[in-house]
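Here is how the chains run, residue by residue.
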Amino acid sequence: MSGVAKKMQTFAESSSWIRKMFEEGARMKAEFGADKVFDFSIGNPDVPPPAKFSTVLRELVEQEEPGVHGYMANAGFPFVREAIATRLSAEQQVSFTANDLLMTCGAAGGLNVLFKALLDPGDEVMVFAPYFVEYRFYVDNHGGEVKVVATDADFNLDLKAIEAALSPKTKIVLINSPNNPTGQIYPAADLQALGRLLDEAGKRFGTTIYLVSDEPYRNIVFDNHVVPPLMTATTNAIIASSYSKELSLPGERIGYLAVHPQMADKGQVVGAMTLATRILGFVNAPALMQRAVARLQDVSADSSIYARRLEAFCTVLDGAGISYVRPKGAFYLFPQAPIDDDVEFCRLLAEQKILAVPGRGFGMPGYIRLAFCVDERVIAGSAEGFKRAMAAARK
Ligand code: PLP
């Protein structure tokens, strides 16, 4: 009998959709050859980092000084936070300093630090369906409860539903824009209205409700869409971001948390996050990567590659009669399955050697998620398979 914690066994079962598809993909690739399988299951950026990344890395390694690989302040090197603060100040239209930022091991590490710092047992974190499934585990790690609120037909925020779901237990409202899995970008007016709603509710309840934006996809946008600033919505705003997608460096585990410079309890929040970084065992974000990203604030991975893939995918889906809301950013499509049972539709797609993830893996059955971190030729090659799967679903 396994000694693995019961909760972990349950988690392993409930989080298994992406993993299942990944394993199925590996099996099919071994059986049929990698070029015969159309794997849209994994959101692992395949676009190379900007050329400047390797130049900067080489220079950093050449110019090493004693102690550069040592521990530093748990929040990260001050000069690195200062460099990011300068860029964020322009992007967010408020003035950041190094003291408002904390370097993290990716957005995932940052969210864990944040939840550790803010959540008391039973506090609620509001998320919006469909959502990045790992949120559930991160919130559970720190004794919180997830409160799921539906979005509208276009996957935009439903402010009435949010208002109705707020309670004295609400500690954090967590948005993700551009969104995984829908590609939606929340408009500025909605962010402003949401900020007002949370500030008013906090006053009414005598609590503080933090508006947290998980935004590692901020720089991957299509059709000239812009991701509006978060910090003008409320002073209780926090950004969790990373260079996983922006610089295509997900394996290097580097990101940051940015706290509103005028947040009333900013000192306590940043202090708690700094301590959380240490006691969660991260200690600090990787030193070499911190120094690298400080010098890469003016570049990002080439999102025009994702834009071309989006066009190719829309052509394939249109040709198969599959309906979807056109994503504004990130690198996912979240089309509606032609039958209620999204798992069954994924099975019909797998018969055509197409791998997708059922929407229920994101808290939204009846849809499928397609990641376009693959070559355009793979997307174009899947066209007939999508048509055949649709025909099979309609039988
Ligand atoms: N948040 C969302 C919405 C994601 O899709 C991901 C990764 O796919 C993460 C956070 C984690 O990103 P990171 O690699 O920066 O930890």
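Rules behind the numbers
Residues numbered from 1 in each chain as written. Predicted model: local features only at pLDDT ≥ 70, side-chain atom pairs only at ≥ 80, totals over all residues. Heavy atoms only, no water. Near = heavy atom within 4 Å. Polar contact = N/O pair within 3.5 Å; in protein donor to acceptor, adjacent residues only side chain to side chain. Areas by Shrake-Rupley, 256 points an atom, 1.4 Å probe, with all protein chains shown as cover. Helix = DSSP H or I, 4+ residues; strand = E, 2+ residues; numbered from the N terminus. Nonpolar A, V, L, I, M, F, W, Y, C, P; charged D, E, K, R; others polar. Buried < 20%, exposed > 50% of the residue type's maximum accessible area, 1.4 Å probe, protein only.

Undergrad: Account for the site of the ligand, with residues named and values stated.
TA: Surveying the vicinity of the ligand reveals 14 residues, the closest of which are Asp-214, Tyr-217, Ser-242, Ser-244 and Arg-253. Interatomic distance of 2.7 Å between a side-chain N/O atom of Tyr-217 and an oxygen atom of the ligand. One nitrogen or oxygen atom from the side chain of Ser-244 is found 2.8 Å from an oxygen atom belonging to the ligand. In the complex, the protein chains occlude 91% of the 400 Å² of accessible area that the ligand would expose alone. Here the shell around the ligand takes 3 residues from helix H5 (residues 106–118), the largest share from any one element. Looking at side-chain class alone, the shell around the ligand contains 6 nonpolar, 5 polar and 3 charged residues.

Undergrad: Kindly report on unusual backbone geometry, identifying the contributing residues and their values.
TA: With an omega dihedral of -5 degrees, the bond running from Ala-129 to Pro-130 counts as a cis peptide bond. Turning to its location among the elements, Pro-130 is positioned in the loop between strand E3 (124–129) and helix H6 (134–141). For Gln-93, which is not glycine, the phi dihedral falls at a positive 60 degrees. Turning to its location among the elements, Gln-93 is positioned in the loop between helix H4 (78–92) and strand E2 (101–104). Exposure remark for Gln-93: the relative accessible area of 57% places this residue in the exposed category. Not every positive phi belongs to a glycine, and Asp-223 is a case in point at roughly 55 degrees. Looking at where Asp-223 falls in the secondary structure, it is placed in the loop between strand E6 (210–214) and strand E7 (237–242). For Asp-223, a relative accessible area of 44% translates into the label partly exposed.

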